[in-house]
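# Architecture at a glance
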Amino acid sequence: GAGVSQSPRYKVAKRGQDVALRCDPISGHVSLFWYQQALGQGPEFLTYFQNEAQLDKSGLPSDRFFAERPEGSVSTLKIQRTQQEDSAVYLCASSIKIPGLAGLGWKTQYFGPGTRLLVL
Amino acid sequence: AQSVSQHNHHVILSEAASLELGCNYSYGGTVNLFWYVQYPGQHLQLLLKYFSGDPLVKGIKGFEAEFIKSKFSFNLRKPSVQWSDTAEYFCAVAPLTGGKLIFGQGTELSVKP
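Residues numbered from 1 in each chain as written. Chains lettered and ligands numbered in written order. Predicted model: local features only at pLDDT ≥ 70, side-chain atom pairs only at ≥ 80, totals over all residues. Heavy atoms only, no water.

## Looking at the nonpolar core
One broad trend across soluble globular proteins is that nonpolar side chains are buried collectively. Counting 30 residues, the largest nonpolar core has B:Y25, B:L33, B:W35, B:L48, B:F74, B:L76 and B:Y89 as the members making the most contacts within it. Those residues in contact with B:L76 that sit more than four places away from it in its chain are B:L19, B:E20, B:L21, B:W35, B:L47, B:L48, B:F63, B:E64, B:A65 and B:Y89. Counting residues in hydrophobic clusters, the runner-up holds 20 residues, among them A:V4, A:L21, A:I26 and A:A88. (Core = buried A, V, L, I, M, F, W, Y, C linked by side-chain atoms within 4.5 Å. Buried < 20%, exposed > 50% of the residue type's maximum accessible area, 1.4 Å probe, protein only. Contact = heavy atoms within 4.5 Å.)

See below:
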């Protein structure tokens, strides 16, 4: 597709239930990011993949949160034993990573529509 | 600590008024700077970005922003707003080497026709 897609768009879960959120990045985009956006706040970083490698998971709030990208394309964010404080919009973004002066470089992150999770 | 602060939580303007949204950041190193916009019911879209060079950058829909390194600021401006500019605006920074974006809390702009 033309942009980043996420599914489901809305998810209602009972407290204690496990959920899985899917992200399809733009084709060819090497980098993939997950963010959490609470109501009335800006997005907060959760984790980052370069291809299938999870290079940064410093933003994951607890060990109940787990992300994977096994084939370097689609990614899944899993939340185990959901709690009410997990209610938020979960955003996925992807970007092309290109070589730069220091061997690193990147371009703009393109965001998907998000998955709105409500935990009751 | 790395952080981004947006001065205004909610701004209300009439059409044709000028706009300036404040953004200050705290980051120990060279950064890339961004403004993203989220129109009602839509996803985050890039408005403009600063990587290097001319500190005055122009984006889509007549928006511009000025990077003032000494003030750690990256304020967003538009000379004359339209009703269609009603949206939430987010300032964000990222390290020069790439990686996670750090967002401000957002400014909701309401433009009255």
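## Concerning the pattern of salt bridges
All names here are of chain B. Summed over the entire model, instances satisfying the criterion amount to seven salt bridges over all chains. R77 is the partner of E64 in a salt bridge, and the nearest nitrogen-oxygen pair spans 3.5 Å. You can see E64 sitting in strand 8 (residues 64-68) and its partner R77 sitting in strand 9 (residues 73-78), a full 13 residues away along the chain. (Salt bridge = Lys/Arg side-chain N within 4 Å of Asp/Glu carboxyl O. Helix = DSSP H or I, 4+ residues; strand = E, 2+ residues; numbered from the N terminus.)

## Looking at the interface of chain A and chain B
Of the residues lining the interface, 20 residues belong to chain A; the matching set on chain B comes to 22 residues. For the pair chain A and chain B, the two sides together bury roughly 1,500 Å², of which 62% comes from carbon and sulfur. Applying the counting rule to chain A against chain B returns zero salt bridges. If you look at where chain A meets chain B, you find three residue pairs in polar contact (both at pLDDT 80 or more). (Buried area = accessible area lost by both parts, 1.4 Å probe. Polar contact = N/O pair within 3.5 Å; in protein donor to acceptor, adjacent residues only side chain to side chain.)

## Description of unusual backbone geometry
Residue A:S7 is joined to A:P8 through a cis peptide bond whose omega torsion reads -10°. Take A:P8: it is sitting in the loop between strand 1 (5-7) and strand 2 (10-13). Of note, A:N51 is a non-glycine position whose phi angle comes to about 55°, a positive value. Its identity is not glycine, yet B:K61 carries a phi of approximately 60°, on the positive side. Mapped onto the elements, B:K61 comes out in the loop between strand 7 (56-58) and strand 8. B:K61 gets classed as partly exposed once you look at its relative accessible area, which sits at 46%.

## Structural notes on the layout of surface pockets
Looking at the largest pocket, its volume works out to about 680 Å³. Lining the largest pocket are 29 residues, and of these A:Q37, A:V89, A:R116, B:Q38 and B:Q42 sit closest to its centre. Looking at the lining of the largest pocket, the elements that each hand over two or more residues are strand 9 (88-95) and strand 11 (115-119) of chain A together with strand 10 (87-95) and strand 12 (107-112) of chain B. In terms of residue class, the lining of the largest pocket is built from 14 nonpolar, eleven polar and four charged. (1 Å grid on protein atoms, 1.4 Å probe; cavity = no way out; pocket = protein on both sides within 12 Å on 5 of 7 lines; lining within 4 Å. Points joined across faces, edges and corners; volume = space filled by probe spheres on them. Nonpolar A, V, L, I, M, F, W, Y, C, P; charged D, E, K, R; others polar.)

## Focus: the side chain of A:T76
Residues and elements named next belong to chain A. Take T76: it is sitting in strand 8 (residues 75-79). When its relative accessible area of 18% is taken as the criterion, T76 is described as buried. Once you skip the residues sitting within four places of it in the chain, T76 turns out to touch A20, L21, W34, F66, A67 and E68.

## Observations concerning a nonpolar patch on the surface
A contiguous nonpolar surface patch, about 280 Å² in accessible area, is contributed by A:V12, A:L118 and A:L120. Structurally, A:L118 is set in strand 11. (Patch = residues over 30% accessible without salt bridge, like charges linked within 9 Å, V, L, I, M, F, W, Y side chains within 5 Å. Areas by Shrake-Rupley, 256 points an atom, 1.4 Å probe, with all protein chains shown as cover.)

These values are about where atoms sit, not about what they do.
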